[in-house]
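Chain residues, written in single-letter form:
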Amino acid sequence: MIGLFYELLARLGFWIPCSKHLPDKKKWDWVLISYVNHGFRGVPSIGEYSYKLEQWHTDNENEDYYIAHDCIVTHWHKLPKNKRTWK
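Along each chain, numbering runs from 1 in the same order as the chain's sequence is written. Only residues with pLDDT of 70 or above have their local features reported here, since the model is predicted, and side-chain atom pairs are shown and tallied only from 80 upward, although totals for entire chains, interfaces and linings are computed over all residues. The side-chain numbers reported here are obtained from all heavy atoms of the structure, hydrogens and water having been left aside.

Undergrad: Got a sec to walk through the overall build of the chain? Specific residues and values, please.
TA: Strands are runs of DSSP state E lasting at least 2 residues, helices are runs of H or I lasting at least 4, and numbering of each runs from the N terminus. In terms of helices and strands, the chain carries two helices and six strands. Start at the N end of the chain and walk to the C end: the helices and strands fall as α-β-β-β-β-β-α-β. The globule rule is 2.2 Å times the number of residues to the power 0.38, and the radius of gyration it is compared with is taken over C-alpha atoms. For the chain, whose C-alpha radius of gyration is 13 Å, the value lies close to the compact-globule estimate of 12 Å for 87 residues. For the chain, the spread of C-alpha atoms along the principal axes amounts to about 30 × 30 × 25 Å.

Undergrad: Give me helix H1 (residues 2–11): which residues, what numbers.
TA: Under the scheme applied here, a residue whose accessible area is under 20% of the maximum for its type counts as buried, over 50% as exposed, and between as partly exposed, the area being computed with a 1.4 Å probe on protein chains only. Residues of H1 that are buried include every one of Tyr6, Glu7, Leu9 and Ala10, and no others. What you see down the axis of H1 is that its buried residues fit within an arc of 160 degrees, all on one side. Positioned one or two residues after H1, Gly13 has a phi angle of 100 degrees, which is positive. It is the directions from the helix axis to the C-beta atoms whose arc is reported.

Undergrad: Any details on the nonpolar core? Residues and values, ideally.
TA: Within the largest apolar cluster, 15 residues are counted, with the highest numbers of intra-cluster contacts made by Ile16, Val31, Ile33, Trp56, Ile67, Val73 and Trp76. Breaking this core down by element, the ones donating at least two residues are H1, strand S2 (31–37) and strand S6 (72–77). By the convention used here, residues are in contact when the closest approach between their heavy atoms is within 4.5 Å. With sequence-adjacent residues up to four places away left out, Trp56 is seen in contact with Cys18, Leu22, Pro23, Val31, Ile33, Gly47, Glu48, Tyr49, Ile67, Ala68, Val73 and Trp76. In these notes, a set of buried Ala, Val, Leu, Ile, Met, Phe, Trp, Tyr and Cys residues joined through side-chain atoms within 4.5 Å is what counts as a nonpolar core.

Undergrad: Got a sec to walk through unusual backbone geometry? Specific residues and values, please.
TA: Residue His38 is not a glycine yet carries a positive backbone phi of 55 degrees. The topology assignment puts His38 in the loop between S2 and strand S3 (40–41). Although it is not a glycine, Glu54 sits at a positive phi angle of roughly 55 degrees. Positionally, Glu54 belongs in the loop between strand S4 (45–50) and strand S5 (55–58).

Undergrad: If you had to explain the environment of Trp15 to someone new, which residues and values would you point to?
TA: By secondary structure assignment, the location of Trp15 is in the loop between H1 and strand S1 (16–17). Sequence separation between Trp15 and Lys25 is 10 residues, and the spatial gap between their C-alpha atoms is 17 Å. Excluding its chain neighbours within four sequence positions, the residues that come into contact with Trp15 are Leu32, Ile33, Ser34, Pro44, His75, Trp76 and His77.

Undergrad: Any details on a nonpolar patch on the surface? Residues and values, ideally.
TA: Residues Leu8, Leu12 and Phe14 make up a contiguous nonpolar surface patch of about 320 Å² in total accessible area. Tracing the sequence through the fold places Leu12 in the loop between H1 and S1. Judged by its relative accessible area of 57%, Leu12 falls in the exposed class. Exposure above 30% relative accessible area and the absence of a salt bridge qualify a residue for a patch, where like charges join within 9 Å and nonpolar side chains (Val, Leu, Ile, Met, Phe, Trp, Tyr) within 5 Å. Surface accessibility follows the Shrake-Rupley procedure with a 1.4 Å probe radius. Residue values consider only the protein chains on display as shielding. Here a salt bridge means any side-chain nitrogen of Lys or Arg lying within 4 Å of a carboxyl oxygen belonging to Asp or Glu.

Undergrad: Outline the state of the cysteines, supporting the account with residue identities and numerical values.
TA: When the sulfur atoms of two cysteines come within 2.5 Å, that pair is taken as a disulfide. One pass over the structure, following the stated rule, counts zero disulfides. The cysteine Cys18 is free of any disulfide, with Cys71 supplying the nearest cysteine sulfur at 12 Å. A residue is classified by how much of its surface remains accessible, and Cys71, at 11% relative accessible area, is buried.

Quick look at the structure:
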């Protein structure tokens, strides 16, 4: 039941805490991820959670090691449908 609540919030565009709910692999492929490194929040990146590896990876291979080993992914957010949602 709690999962449905967070799925609804995600569809409405809220940031979802990873500690509460991870993206459902059947409904969410790539999402925006927000992460913290040494107390500083980074610029959100496009990422995907691997349930097999139990870790996040990004669409940028150069960033994967950094995200997986140096950061804590704290929240995820649905990807905007088009560029206009960024304005």
